[in-house]
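Structural description and commentary
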Amino acid sequence: FSAAYGWCGKSCSCVMVNSSWTKAHIDALWGVNSQVVYPPCNVEDLTKLPLTRQRLDKLGNAAKKENACLRVISVGQFRPEKAHLEQVAAWAALKKVKSLSYKLENAILVFVGGCRDDGDLERLKDLKQSVKDLELEKSVEFVVDASYDELKRQLSRASVGIHSMIDEHFGICVVEYMAAGAVPVAHASGGPLMDIVVDSPEGPTGYTALSVQEYADFLQHLLMMSRPEREVIAARARKQSLLFTEEKFRKKFIDALAAVDL
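The following paragraphs examine the structure supplied in this document. (Residues numbered from 1 in each chain as written. Predicted model: local features only at pLDDT ≥ 70, side-chain atom pairs only at ≥ 80, totals over all residues. Heavy atoms only, no water.)

**Here's the deal with the pattern of salt bridges**
The cut-off we apply is this: A pairing counts as a salt bridge when a side-chain nitrogen of Lys or Arg comes within 4 Å of a carboxyl oxygen of Asp or Glu. Burial here depends on accessible area, computed with a 1.4 Å probe over protein chains only, as a share of the maximum for the residue type. Under 20% is buried, over 50% is exposed, and the range in between is partly exposed.
Here the structure, examined in full by the defined rule, presents eight salt bridges. The salt bridge partner of aspartate 120 is arginine 116, with a shortest N-O separation of 2.7 Å. Judged by its relative accessible area of 0%, aspartate 120 is buried. Among the charged side chains, a salt-bridge network with shared partners connects Arg116, Asp120 and Arg123.

Set out below in structure tokens:
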């Protein structure tokens, strides 16, 4: 199958791939020099959201500093490869940290995702059971099959975004975190590592992790820092997200075709 796949690929006049990780994979299999054309992301709309998060309580009402709840968002369908259980495990490790800070005590993890079929519904049920077993119900929320407006609302309230899929070819939701002003903590592999969560000359635009404990450590680091410090990273992340606009996709797509006279 691999030989047939490679033979078919060699016959292509123009090969476009969605990330550096995919390029390495396709170039090796097909024996071509593919062009990286990042997928169009909804950056233009999400960058309109304010970087400064309102101080809200668990119910979403305005709150004093000591009663405010920092939110970590996880966006993605409830598919097995999204590794939501690892996120719950990291959240449990974070909540075990001995701290007198209201920031960790009040922090909330919000899952925003959809279910395609009965299999996804069963995984969601298991995920909720894991949250219950770990006694995390008071700090974990689920928003299932949300509208786009609801997704934007949740992104506008989140200070951090978490993503744990291994070898994600690109990672559009990571870009969406960055555009919306939520500092990403993603898996140290695939597109997020090689193309998206890349340090700028001024400093980090987010963080990548390999283990449950690393996720917990980075979450603690981000939640414990001051709001101005976190906003500096969020601003760098937003600037980085501008590499993945629809306009840049159109230009690179046309340039790749033009390069082979198509």
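The discussion continues.
**Details of the packing of helix H8 (residues 172–180) against helix H11 (residues 227–241)**
Our working definition: Axes here refer to lines fitted to C-alpha atoms; in helices the fit is confined to the stretch in contact. Angles between the N-to-C directions go from 0 to 180 degrees. What counts as a helix is a DSSP run of H or I of at least four residues, what counts as a strand is a run of E of at least two, and both are numbered from the N terminus. Here is the rule for angles: anything less than 35 degrees is roughly parallel, anything more than 145 is roughly antiparallel, 65 through 115 is roughly perpendicular, and the remaining ranges are oblique. In this scheme the crossing of two helices becomes right-handed for a clockwise turn of the near helix relative to the far one and left-handed for an anticlockwise turn of less than a right angle. We call two residues in contact whenever any of their non-hydrogen atoms come within 4.5 Å of each other. Three classes are used: nonpolar for Ala, Val, Leu, Ile, Met, Phe, Trp, Tyr, Cys and Pro, charged for Asp, Glu, Lys and Arg, and polar for all others, with Gly counted as polar.
Where H8 contacts H11, the axes come no closer than 7 Å and their chain directions differ by 125°. Taken together, the axes of H8 and H11 are oblique relative to one another. Note that H8 runs across H11; the crossing there is left-handed. Contacts from Val175, Met178, Ala179 and Ala180 of H8 reach H11 at Ala234, Ala237, Arg238, Gln240 and Ser241. Considering only residue class, the contact of H8 with H11 consists of six nonpolar, two polar and one charged.

**Details of the state of the cysteines**
Definition in use: In this description, the term disulfide denotes a pair of cysteine sulfurs within 2.5 Å.
Scanning the entire structure with this criterion turns up zero disulfides. In this structure cysteine 14 is not part of a disulfide, and its nearest cysteine sulfur, from cysteine 12, lies 8.9 Å away. Cysteine 173 provides the cysteine sulfur closest to cysteine 115, a residue in no disulfide bond, and the two sulfurs are 16 Å apart. For cysteine 115, a relative accessible area of 18% puts it in the buried group.

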